[in-house]
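Topology and contacts: notes
In case you want the letters, here they are:
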Amino acid sequence: MTLEDIIQETKTFYCLECGKCSSICPICRYDPNYSPRVIVENALLGLESDLFHNGELFSCLTCQACQLKCPSDVNYPIFIQKMRLMASNDGQQGECAHSGALQSLVRLMSNPDITQRRLEWLSNGYRTSEQSDILFFVGCTPYFDPVFEDLGFQVTDVSRGSLKILNYFGIEPMLLPNEKCCGHDMLWMGDVKTFQKLAEQNAAMIKESGAKKIIFSCPECYRTFKEDYPNYAKIDCELQHITEFISGVIEENGIKFKELKKKVTYHDSCRLGRHLGLYEPPRKVLQAIPGIDLIEMKQNREKSLCCGTSAFTNCDLYSKQIRVERLLEAKETDADILVTACPKCQIHFRCAMVNKGEEKGPDIEIPVTDIVNLVANALEGENNE
Amino acid sequence: MNDEKNDSILVIGGGIAGIQASIDLANMGFQVYLVERSPSIGGRMAQLDKTFPTNDCAMCILAPKMNECYRHQNITVLSYSEVTDVEGELGNFEIKVLKKSRYIDETKCTGCGECAQVCPVELKSEFDQGMGTRKAIYKPFAQAIPNLYTIDKKGTPPCKAACPAGVDVQGYVALISQGKFKEALNLIKKKVPLPATVGRVCTHPCETECNRGKTDESIAIAALKRFVADNELSLGSEEITPAPKTKDEKIAIVGSGPAGLTAAHDLVLMGYGVTIFEALPVAGGMMAVGIPEYRLPKNVLNIEIEAIQKLGVEIKLNSPVGQPGFTLDDLQQQGYKAIFIAVGAHTSRKLDVPGEEMKGVYHGVSFLRDVNLGNEVKVGQKVAVVGGGNVAIDAARTARRLGSKEVTIVYRRSRQEMPASEEEIEEAEHEGIKIHYLATPVRIIGKDGKVTGMECIRMELGEPDASGRRRPIPIEGSEFIVDADMVVPAIGQAPDLACLPKDNKFQISSGGTFEVNDRSLATNIPGVFAGGDAVLGPATVIEAIATGHRAATAINCYLQGEILPPEEELPPSVRIEDIDLTDVLETKRKVMPTTPRKQRAGSFEEVNLGFSEKMAVEEAKRCLNCGICSGCRECEKVCEAKAINHEMKEEYLGLKVGAIIIGTGLDFYDVSKLDEYGYGSIPNVITAIEYERLTSASGPTVGELKRPSDGKTPTNIAFIQCVGSRDFKHKPYCSSVCCMYATKEAILAYEHHPGTESTIFFMDMRALGKRFQEYVARAEREYGATYIRSRPGRIDVNPVNGNPIIWYEDTTTGETKKFETELVILCQAMIPSRGIEELASILGIDLDIYGFVETPDKLFYPLDTTRPGIFACGYAHSPRDIPDSVVQGSGAAARAAEVVTTKILEPVAGGG
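As the structure is a computational prediction, the values presented were derived from the model and not from experiment.

So, on to the overall build of chain A. In terms of regular secondary structure, chain A is built from 19 helices and 7 strands. Its C-alpha radius of gyration of 21 Å places chain A within 12% of the 21 Å reference for a compact globule of 385 residues. Taking the principal axes of its C-alpha atoms as reference, chain A extends roughly 65 × 50 × 40 Å. For chain A, the proportion of its 385 residues judged to be buried stands at 61%. At a minimum sequence separation of 6, the contacts of chain A that also span at least 24 residues come to 79%.

As structure tokens, this is what we get:
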């Protein structure tokens, strides 16, 4: 794949150098010298090697806010993805956060000979089965628990909450005991080789399981399976995010929820929102719970502000400022809880609150929860977790 | 092909391109028909303040052209018209044009504007892009050509459509909103001669259909009618002079209820002699002897009846027709040439249960009549009323007031099916009246011939019966006793036919009502008509009034030997979906003040107290003016040229032309779709055309550049180019004129206020015409314009001062910046005029993918459409400025002239 190929595929040649992308980009708000347009310009001028060594190539959040408004319809996120691929071939990979721990774990996982003990988070009371039409894809929450211990919550709560919901509706899904990382971060970092290995292994395991439908609680896994896997590995299943599943049950039969008198606000994650276009199912779910008062943040749906970091790379001061802006927006709604549907968004928000830095910074404390945990607690006849 | 030389040409669209084409052709000697769909020619150029690159006042250079066009002897301007059909071919097109009704005689109107001064309906002006207002009767702009007013009528307001008497509801409500109470009352009185009464007792079907009711709450129409009527009464009635008797004939009316009084009122004003024969000692029918005093004070009713008498109507009380000396034959012999029977329905239906003849069974109608006549009435301590209509409720509430300790209503269906009005039912409950639903009496129990109770049986609802309501079915074994010492049946009424001779030949229905011709209300006996409850069965006052009018018209035609005129067909009703609700804030309906409930016990004082003037005006202002023109007729009163005709109809014209030119121009793209710019949510973000209206001396701010949020004159403004243009997500094409007009508008701002700084965020500066580049350079040098090459992506707002804050990337340095300014002008994309798809389909021509007219041969026949003989020019053809539109207008004129004179079918595609 050449630079020319990338430019053709993403229609970057249409770029009119208008700069609208930069004026929308959340990073540019805090780093005025960052410019998506300049990155495109450099590519078009054949200066890609400068780009590779620049590091700015890896700052993009791939949040797709620019693509939503680009008058020339340039597919900027995929342009970035492919440029990073070329950069990766050149030995570049951006600055990995947490000293590269997560990337290392994923690369280790990609070894087909490795067997993991991934299901320890499954305590008693959660029912799965060996044979089912439905497979629940857990994602890397079991690995996030130890890495993000300092954030004061268990990311695997998201997986447990999802299982509780599925069990409540009589579904005992299959779980892959040796599930591999979906590879989202690898792909977006440009490490396509690792991504391919992971995709092929996941595809083989899923095929062997005989699953007909896969339910995800992580929008990044969902997006990767839906949009990126088809180019690399064959998955012949129906794909659904858990909020789509719950919203479907509400439409078909209705769900009798317990009353939960709370003001909540909902954060649209980039992958579930702009990438996949799913704005309404989570809202439908929230509004079906009696007592819930859903108040929208100023930037909602397509205008939602990214949580500040993508692929655990180039997590810097600007990422932090973006998070603070988003949390301040959440606080402005006067909501009791900030609800997300993406485990990684939750990690990033909590990180901002815990690692406040100066004591005299703005008050950004607000309880954050994943939508599955809110829903699980509102199910009739269930004990609170 | 027809050899007949047809040298007429049709030009569609009266903007500058169409005007130019018309003048060129007319000067060549061709006959031109210029069809323009709005009330005036001039098009978009009329809306501009100045034009680039000369900065001439747009109207100053346009108006002479408009005049020349209109006055040219070879040009016929058909304004407020649309082409609806095109048949035929080059050299021989047959065109159908719809000339919409202005409701104003074009030969008489002088454009003076007196009418608009008095019109009570104000709405957003399209010419001012919604930033200014106009009236329902309007001229789009001061220099409009033709210089005529137009009345904007949208259809029938649902209130008027629902009123059985066809009252101009929107009209009088609009007049009340302007404080014109006398005019409002006069408008009401055209259809309702008893407004104070009707305002109190009407069932107001208008309010049920009111479109405001579909938004928040319906207008309190009946209360408003009552207000203006009471207001007049309180001011003291004017002298009423008897109507002149211009006709020899006299008419007898049997019954002085609302039907009889209305017919009498109409006939006496037509010049007839009218005598009403009333059996009872008082006039007013059910209004006097049915409706209790606390709902309708008799002194109010009597003043209104007296007003009718003062016109010359004779009312003979205690004169029951049917008695010797008063039979119908007697009346005919006494010289009455026509008789209107309006005896109402005063006979109460029997319960048909055992025990009905006992003492203490007092029919509701009789009970109420006795109370209202002031006769002595003894009520029981425990009263059981049977029935669910207003008579039952009236009887129950009256019994309470007369001192009954316990009053119960027994009704055989459920509350939803109860015919009585909801207000009455609620008040009854508040007054301590119990209602047994789904129960009916099976027998009356008594001792020594006097009532002691009523045995009832419970009911359940089965399938709907003929009335559409579910039929009550008795539940076996569910009998129960209601203690009572007085039983008041109120289960229905029929006309008392005692006025008819025993051997009469009238056709009477099974329900006991007169069968009459629907339109003329004539019975089968010539010269005898019938109306009101006598025909309808127990109905409402307003329905009776409607029949009174109908009968009067029919009787007049009968006596004059004329044919009854056809029914007025109302245009379709305006639906809520057709109304622009963007500026309508939720406002509650005014609540009728009432006598406190505690005070009502034992008292017949009026319960509803009526609106104050302030309440009435505020309530009237809630009206949505559904029909736009309210039908108040104030304009007619002040038009000295007598040019207004509210009954004017639209007409169709047929034209034969040899060729057609389309110059339908442009519309503005809805830039609220680009929500990143906040148009519609940030007040100080406006579009360029709105800016033109602000700086224009004929605009809503008389040429003062005032920004929307606070009216402040901004000295720092910003323009954003290509909003919706050159955008794959909106319109991919370039709108052609925005670069130049933004420069022009920056210059204008500086001329209004020297020192104004304008920043223009551009993509390219397209300055393609003669001296255009110099114009741009001068703006930069002398008029405070700064050009920044960038396309902003986001506008925030400064909450303190309302200033928009523009986020953009300086594409020369790569730095993302914020720019605070006082006013942002979005240079919006322009699109072909709305409706062009329908027009293209009528004309049988193709459009391109953007909706512009397709002109296949772009090199040698660039104005030829896909149908021979039809040409396009101006913005309908493609985005271009005024000089180029004029050029194309002349070009299209030349092509049209060529093909019409030579009749050569020229190639449509290819060529060269």
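Back to the text.
So, about the overall build of chain B. Of the regular secondary structure elements, chain B holds 26 helices and 39 strands. In terms of overall dimensions, chain B has a C-alpha envelope of 110 × 70 × 60 Å along the principal axes. Residue burial in chain B is summarised as follows: out of 912 residues, 57% are buried. Long-range pairs, those at least 24 residues apart, make up 69% of the contacts in chain B between residues at least 6 apart in sequence.

Now for the packing of helix H22 (residues 688-695) of chain B against helix H23 (residues 738-752) of chain B. Residue and element names in this part refer to chain B. Put simply, H22 and H23 touch, their axes get as near as 11 Å, and they point 30 degrees apart. The angle between the axes of H22 and H23 places the two elements in the roughly parallel class. Relative to H23, the crossing made by H22 is left-handed. Judged by residue contacts, Ala688, Tyr691, Glu692 and Thr695 of H22 engage Tyr741, Lys744, Glu745, Leu748, Ala749 and His752 from H23. Tallied by class, residues from the contact of H22 with H23 come to 5 nonpolar, 2 polar and 3 charged.

Another point: the environment of Ile188 of chain B. Checked against the element boundaries, Ile188 of chain B lands in helix H6 (residues 181-189). Through-space distance from the C-alpha of Ile188 of chain B to that of Val173 of chain B is 9.9 Å; in sequence the pair is 15 residues apart.

What follows deals with the pairing of strand S4 (residues 262-267) of chain A. Residues and elements named next belong to chain A. Here S4 runs beside strand S5 (residues 292-294); their pairing, made up of 3 bridges, is parallel. Bridged to Val264 within S5 is Leu294. Pairing of S4 with strand S6 (residues 337-340) involves 4 bridges; the strand directions are parallel. Looking at S6, one finds that His267 is bridged to Thr340.

Attention shifts here to empty space enclosed by the protein. Residues and elements named next belong to chain A. Tallied over the entire structure, the rule returns 8 cavities of 30 Å³ or more. Counted as a void, the largest cavity has a volume near 250 Å³. Taken together, 22 residues form the lining of the largest cavity, with Cys140, Phe144, Cys181, Asp185 and Lys344 sitting closest to its centre. Of all the secondary structure elements, the ones that give two or more residues to the lining of the largest cavity are helix H8 (101-109), helix H9 (141-147), helix H11 (184-189), helix H13 (219-228) and helix H18 (343-354). With 5 residues, the top contributor of residues to the lining of the largest cavity is H8. Class assignment of the residues belonging to the lining of the largest cavity gives a composition of 15 nonpolar, 4 polar and 3 charged. In this structure, the lining of the largest cavity is formed jointly by two domains, domain 2 (97-247) and domain 3 (256-377), each of which donates at least three residues. One number sums up the size of the second largest cavity: a volume of about 150 Å³. Considering the residues around the second largest cavity, the lining is formed by 16 residues, among which Cys15, Cys21, Val40, Cys70 and Val74 are closest to the centre. Across the lining of the second largest cavity, the residue classes tally to 10 nonpolar, 3 polar and 3 charged.

Residue and element names in this part refer to chain A. Entries for chain A in the domain assignment read domain 1 (3-89), domain 2 (97-247) and domain 3 (256-377). Taken over C-alpha atoms, the centre of domain 1 sits 27 Å from the centre of domain 3. Contact with domain 1, which involves 15 residues of that partner, is made by 17 residues of domain 3. Both sides together, the interface formed by domain 1 and domain 3 hides about 1,400 Å², and carbon and sulfur atoms give 56% of it. Linking domain 1 with domain 3 are 1 salt bridge, by the criterion used here. A salt bridge links Glu325 to Arg29, with the nearest nitrogen and oxygen atoms 2.9 Å apart. Connecting domain 1 to domain 3 are 10 residue pairs in polar contact (both at pLDDT 80 or more). Contributions of two or more residues to the side of domain 1 that touches domain 3 are made by helix H3 (26-30) and helix H6 (65-69). Examining the composition of the side of domain 1 that touches domain 3, we find that 4 residues originate from one element, H3, more than from any other.

Our focus in this paragraph is helix H12 (residues 192-209) of chain A. Residues and elements named next belong to chain A. Between its first and last C-alpha, H12 extends 25 Å over 18 residues, near the 26 Å set by a 1.5 Å rise per residue. Within H12 the residues assigned to the buried category are Val192, Thr194, Phe195, Leu198, Ala199, Gln201, Asn202, Ala203, Met205, Ile206 and Ser209. Looking at the buried residues of H12, the elements they touch are helix H7 (76-89), H8, strand S1 (134-137), H11, strand S2 (213-216) and H13. Where H12 terminates, the next one or two residues include Gly210, which has phi positive at roughly 80 degrees.

Taken together, the 27 residues of chain A in the interface contact 23 residues of chain B. Counting the surface lost from both chain A and chain B, the interface buries some 2,000 Å², and carbon and sulfur atoms represent 47% of this. A per-residue breakdown of the area chain A buries against chain B is headed by Lys20, Ser23 and Pro71 of chain A, which together make up 26% of the total. Where chain A touches chain B, the interface holds 6 salt bridges. At the junction of chain A and chain B, the tally comes to 19 residue pairs in polar contact (both at pLDDT 80 or more). Top element by residues in the side of chain A that touches chain B is helix H2 (residues 20-24) of chain A. It accounts for 4 residues. Split by residue class, the side of chain A that touches chain B holds 11 nonpolar, 8 polar and 8 charged.

Criteria and cut-off values
- Residues numbered from 1 in each chain as written.
- Chains lettered and ligands numbered in written order.
- Predicted model: local features only at pLDDT ≥ 70, side-chain atom pairs only at ≥ 80, totals over all residues.
- Heavy atoms only, no water.
- Helix = DSSP H or I, 4+ residues; strand = E, 2+ residues; numbered from the N terminus.
- Rg over C-alpha atoms; globule rule 2.2 N^0.38 Å.
- Buried < 20%, exposed > 50% of the residue type's maximum accessible area, 1.4 Å probe, protein only.
- Contact = heavy atoms within 4.5 Å.
- Axes fitted to C-alpha atoms, helices over the stretch in contact; angles between N-to-C directions.
- Parallel < 35°, antiparallel > 145°, perpendicular 65-115°, else oblique.
- Left-handed = near helix turned anticlockwise from the far one by under 90°.
- Nonpolar A, V, L, I, M, F, W, Y, C, P; charged D, E, K, R; others polar.
- Pairing = 2+ DSSP bridges.
- 1 Å grid on protein atoms, 1.4 Å probe; cavity = no way out; pocket = protein on both sides within 12 Å on 5 of 7 lines; lining within 4 Å.
- Points joined across faces, edges and corners; volume = space filled by probe spheres on them.
- Domains from an automatic or database assignment.
- Buried area = accessible area lost by both parts, 1.4 Å probe.
- Salt bridge = Lys/Arg side-chain N within 4 Å of Asp/Glu carboxyl O.
- Polar contact = N/O pair within 3.5 Å; in protein donor to acceptor, adjacent residues only side chain to side chain.
- Expected span 1.5 Å × (residues − 1).

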